[in-house]
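Coordinate analysis (summary)
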Amino acid sequence: MQRHNIMKQLILLTVIFSSSAFGQVQPEPTGVIQTLPAPWPAHWIIAHDVAFFHMSDGKFYVLDAESDDAATRVKGIFNGAFIAQFTQATTRPEMYILETFRSRGSRGERTDVLTIYGKDNLAPIGEVVIPPKRASAMPTNYHLQLVDDEKLALIYNFTPATSVSVVDIVNREFLAEIPIPGCSLVYPMAGRAFASLCTDGSMMSVQLDENGEQASTARTGVFFDANNDPIMEKAVMIDGVAYFPTFLGRVVPVDLNGSEPEVGREWSLLGDGDEGWRPGGIQVTERDSDGRMYVLMHPDGYEGSHKDPGTEVWVFDVENKRRVDRIELQLPAISMGMTNDDDPLLLVTNVNLELDIYTAKSGEYQRTLNNFAAETVLMLYGAE
Amino acid sequence: MQRHNIMKQLILLTVIFSSSAFGQVQPEPTGVIQTLPAPWPAHWIIAHDVAFFHMSDGKFYVLDAESDDAATRVKGIFNGAFIAQFTQATTRPEMYILETFRSRGSRGERTDVLTIYGKDNLAPIGEVVIPPKRASAMPTNYHLQLVDDEKLALIYNFTPATSVSVVDIVNREFLAEIPIPGCSLVYPMAGRAFASLCTDGSMMSVQLDENGEQASTARTGVFFDANNDPIMEKAVMIDGVAYFPTFLGRVVPVDLNGSEPEVGREWSLLGDGDEGWRPGGIQVTERDSDGRMYVLMHPDGYEGSHKDPGTEVWVFDVENKRRVDRIELQLPAISMGMTNDDDPLLLVTNVNLELDIYTAKSGEYQRTLNNFAAETVLMLYGAE
Amino acid sequence: MKWLDGWLDKTAENTARSISQKTSRRGFLGKVAGVVVGGAVTVPLLPVARSQENPAPREEGDPASCEYWRYCAIDGFLCGCCGGSMNSCPPGTEMSPITWIGTCENPVDGKSYIISYNDCCGKSSCGNCLCQRNEGDRPVYNPRVSNDLNWCLGTSSNTYHCSTAIVIGAALDE
Amino acid sequence: MKWLDGWLDKTAENTARSISQKTSRRGFLGKVAGVVVGGAVTVPLLPVARSQENPAPREEGDPASCEYWRYCAIDGFLCGCCGGSMNSCPPGTEMSPITWIGTCENPVDGKSYIISYNDCCGKSSCGNCLCQRNEGDRPVYNPRVSNDLNWCLGTSSNTYHCSTAIVIGAALDE
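Residues numbered from 1 in each chain as written. Chains lettered and ligands numbered in written order. Predicted model: local features only at pLDDT ≥ 70, side-chain atom pairs only at ≥ 80, totals over all residues. Heavy atoms only, no water.

This next bit is on the overall build of chain C. Across its full length, chain C carries three helices and eight strands. Ordered by position in the sequence, the α and β elements of chain C form the string α-α-α-β-β-β-β-β-β-β-β. Counting across all 174 residues of chain C, residues that qualify as buried make up 66%. In chain C, 73% of the contacts between residues at least 6 apart in sequence involve partners at least 24 apart. (Helix = DSSP H or I, 4+ residues; strand = E, 2+ residues; numbered from the N terminus. Buried < 20%, exposed > 50% of the residue type's maximum accessible area, 1.4 Å probe, protein only. Contact = heavy atoms within 4.5 Å.)

Listed below in structure tokens is the structure:
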């Protein structure tokens, strides 16, 4: 083939260029590709730019949240197509994203893929083609979850029939699809199981067998109202308990450590004088290494304010059900993340769509990360 | 399939919603899709947003350049993936774009497609899959051209071996690939033929047979220097003559009306007192319905200024080889287009990446089109 | 960036406006809940007003503004800024037959109407007139009233382009 | 938007700087032409200085700035702002073995060096530190010295991510 001959010629040419025969100046090596340390420094973060204006070209930016050098704080980038969903393993240096592709970009045949990225090389080291049913929606933490000691990946489907795709993420193969009629999302349970929130106000749970098929299901009683002061799906998991804030500021804990979800007693985020404050935003909850819960809050709530930016982050001791800190944000924020170390950074996307970094325990503002080419960063993650 | 049953249920639901049985308020019709008039008004334009920061999601915006209403001046949008190349027919209400897709967005198997859009519905009404060799480069007018009374589409390939793909655009099938070693781009010639510019300073021409295969080739003498004051590939075609400006401001006309290119006598864009002015930008030449040539010019040129923004547009009578007008731009511009009517609008992308509109014949500034969601509009076209 | 504008509208500088809006929005919750029931897999039973004679609601305002009354639960690009209109799709797109539903109060007649937010699909983000309003919006486990979902379903491509706001009935005044 | 910054740098406000640059750039054309010959399908014969003993050029300046000396013919995103460096690729990308070539003068030693602008490929636009400089850049019919072409060739994907600037030799001083 003419093309290949020319290619070889030109590759050869590059070799000649790179050889020391080429002038007495030491030629620099070509072909060098950077790799990343293992594990990543604790304050590296992953910013998910869904690229709302260019959804096929969403990106994940790996950033050093400690860096004040805008040019070098970008450690790497990987793609995530069409509002990807993200999670990462704690026992393997791997990250997982759900992507959707079409054969002609915006049109043509649809292919849904669970893509596996290595943390050392930020390259796609594997993929599992899954049924083209994954829910297309704004990102949350409960579209994609790992269970069974991170052996199974669970994917929420919405066509609008709802189901869960089960993937053997170790052997990288699709196993099964579990219908969850009337229910949505995937909350990880202990063992080989998951739970989903149902429109009727209950929670459904599914135990899987070793082939990833449904072994048994259970259902809680009705414990929330899907219309009046509904629980937010944007729960935070602390020690296997999902804490669901409600639109009006209650908290409903559901313990997922047993074989069936166990609904705990609700309590309130609001104390005396807190009237009108409500949780709100895109990702509204987080937790730190001490098990404290963080909630993004705004004052003067009204019907429809549940995605409004928060002006403060409230910190709760979930054991004692009381607020222990109150962080005033320098700019209102629409989403929140946290690093996973013992002196964690609180990460928020502010209303200018920049990232503001705070020391979580002191609430002190540290710096703003901006101008790294992201369009709409909606989710923030600390490195595992 | 469960999915399809639910889909039908929900479609039915929508029908119920839409029926007059649903309340006494007249429900509005659903499913209405707008279409566009034929022909388009003369001052509708096509702005090619290559989306340099999100190349897989490039877009073409159809805009009313006469409209001062930002919200309604967008008449429609169509996608063009990975720095598409564009042309339109004059004898059919069709537009053609070259696109590149990969099975996993930024990676995976490559597919190159010549996509055909209808002007009435802005929908892809056909496509021809072509060899995955099309040149990936900044947009110019000479990657994709129509010849043979618009029956053949010609596509420039660069792998880095260079060739031309021939497509029967009426029957929508790929016909042949013509090697053009050492030469580049596609300039339309009279009949079933094209010419290409060669690194050695000559022009190659190819006559095609009725199957789109090469019938004969010819070569001009060397008439330009590819390094010293080279001709710009960004020629304008007026009455079948390609006018090539050079880096330093000469003009070299090449007549493509015959069976072989005929190089004409060069002349200069510069007159007395014009020292230092040079052509520059992305698309630097245009022509109006009277056959006048427009060139985007900047002062104080230097080696490397050939893509710098132009501060003026100079207008030339190519018959008499003299400048007839000089339009001072309100903001320097990086690219230029023109509507195709008798009172044409001069269209430029200014340095803020907004579109400035001028009346071509008077040089009068009319308005700026901005805030229509484009990222990097690099090419502008009047509707044919 | 309209997206940005939308968020900025919600910041402290605009508290005054927020408070004035809040006043009219309070108490709306009950009405919404009364109107919209059911999830994705059940056919909603929508109580609608049957006593009204108006053939179509009278309207005022700028349909290219996020504040226009029909958009009370919209989340996306207004099709009227993309080559379509408030209730039709731009050329070359396909209207989703499956929608999310809002209930919006028309300030002209003070009545509430059921709005079907049909997405237009098959081309990538229009990018113009991004609006996010969430009156009556509910989490994705209540899909029929959730605007976080991409409703390009039942179309040949699920690529989201823009959203319409179509009046499909009058809501029952409680 | 760095792209924008780049263009704005060229506007009237910066004429003074343009003129000062111009002075040093004038006369450069001849040197470039002497160094770079040949098109895509011929192996260029590059005259290089053989009398010099320095193992590597001494350098000064900010490699994250478009004005850094190596970038005299670059057109794209600097890999040093994307997780790579001025002469290495970011993680997970692939370096193109086929390049375009520039000749840049190092202000520290006043000598000119041959720079190979190897693109890093397989991920979409890095988006950071967009630079466009065109010293010695020539039209696409002279591909080896054309930065309008996407040089992600010979890689498993031709998706362009960022550009490096690798010193591969000293240019012959004429």
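Structure shown, so let's carry the discussion forward.
With that settled, the discussion passes to the overall build of chain A. Each helix and strand counted, chain A has one helix and 29 strands in total. A compact globule built from 384 residues would reach a C-alpha radius of gyration of about 21 Å, and chain A, at 23 Å, matches this within 12%. In terms of its C-alpha atoms, chain A occupies a principal-axis envelope of roughly 80 × 50 × 35 Å. Here chain A holds 384 residues, and 65% of them are scored as buried. In chain A, once contacts between residues fewer than 6 apart in sequence are set aside, the share between residues at least 24 apart is 44%. Accessible surface for chain A amounts to roughly 12600 Å². Of this, 46% is attributable to carbon and sulfur atoms. When the 30 positive and 53 negative side-chain charges of chain A are each reduced to one mean point, those points stand 6 Å apart. (Rg over C-alpha atoms; globule rule 2.2 N^0.38 Å. Areas by Shrake-Rupley, 256 points an atom, 1.4 Å probe, with all protein chains shown as cover. Lys, Arg positive; Asp, Glu negative; His and termini not counted. Charge placed at Lys NZ, Arg CZ, Asp CG, Glu CD.)

Between chain C and chain A, the contact holds 50 residues from the first and 52 residues from the second. With both sides pooled, the region where chain C packs onto chain A buries about 4500 Å², and carbon together with sulfur makes up 62% of that total. Close ionic contact of Lys307 of chain A with Asp148 of chain C constitutes a salt bridge, the shortest N to O distance being 2.8 Å. Of all the secondary structure elements, the ones that give two or more residues to the side of chain C that touches chain A are helix H1 (2-9), helix H2 (15-25), helix H3 (28-35) and strand S6 (130-132) of chain C. If you tally residues by element for the side of chain C that touches chain A, the top one is H1 of chain C, at four residues. Broken down by class, the residue content of the side of chain C that touches chain A amounts to 23 nonpolar, 18 polar and nine charged. (Buried area = accessible area lost by both parts, 1.4 Å probe. Salt bridge = Lys/Arg side-chain N within 4 Å of Asp/Glu carboxyl O. Nonpolar A, V, L, I, M, F, W, Y, C, P; charged D, E, K, R; others polar.)

Attention now moves to the sheet that holds strand S8 (residues 144-147) of chain B. Residues and elements named next belong to chain B. Spatially, the four strands line up as an open sheet ordered S8-S9-S10-S11, and their pairing is antiparallel. Pairing within the sheet leaves two strands with one partner each, and these edge strands are S8 and strand S11 (173-179). Going across the sheet, the axis of each strand differs from the next one's by a mean of 25°, ignoring polarity. One ladder, built from six bridges, connects strand S10 (residues 162-168) with S11; its direction is antiparallel. For Asp168, the partnering residue across the bridge sits in S11 and is Glu173. (Pairing = 2+ DSSP bridges. Axes fitted to C-alpha atoms, helices over the stretch in contact; angles between N-to-C directions.)

Before going further, it helps to examine the sheet that holds strand S10 (residues 162-168) of chain A. All names here are of chain A. Here four strands make up an open sheet; going across it, the order is S8-S9-S10-S11 and the pairing antiparallel. A single partner strand is all that each edge strand has here, and the edge strands are strand S8 (144-147) and strand S11 (173-179). The average undirected angle you get between the axes of adjacent strands in this sheet is 25°.

With that settled, the discussion passes to the packing of aromatic side chains. Overall, the coordinates contain 40 aromatic pairs over all chains when judged by the stated rule. Ring geometry for Tyr187 of chain A and Phe244 of chain A: centres 5.3 Å apart, planes at 70°, overall edge-to-face. Of this pair, Tyr187 of chain A sits in strand S12 (residues 183-189) while Phe244 of chain A is found in strand S17 (residues 241-245), placing the two residues 57 residues apart along the sequence. We note that Tyr187 of chain A, like Phe244 of chain A, is buried. Feature note: the residues Phe60, Phe78, Phe86, Tyr117 and Tyr381 of chain A constitute an aromatic cluster, connected by ring pairs. The residue whose ring lies beneath Arg323 of chain A is Trp314 of chain A, and the NZ or CZ to ring-centre distance is 4.4 Å. Above the ring of Trp40 of chain B, the side-chain terminus of Lys119 of chain B is found at 5.5 Å from the ring centroid. (Phe/Tyr/Trp six-rings, centres within 6.5 Å; stacked < 30°, edge-to-face > 60°. Lys NZ or Arg CZ within 6 Å of the ring centre and 35° of its normal.)

What follows deals with the state of the cysteines. Residues and elements named next belong to chain D. Counting across every chain of the model gives 16 disulfides over all chains. In this model, Cys81 is linked to Cys129 through a disulfide, with the two sulfur atoms separated by 2.1 Å. On the sign convention where negative is left-handed, the bridge of Cys81 and Cys129, at about -80° about the S-S bond, is left-handed. Taken together, the residues span a long stretch of sequence, with Cys81 in the loop between strand S1 (75-77) and strand S2 (94-95) and Cys129 in the loop between strand S5 (119-121) and strand S6 (130-132) at a distance of 48 residues. (Disulfide = S-S within 2.5 Å.)

Shape is all these values report; function is a separate question.
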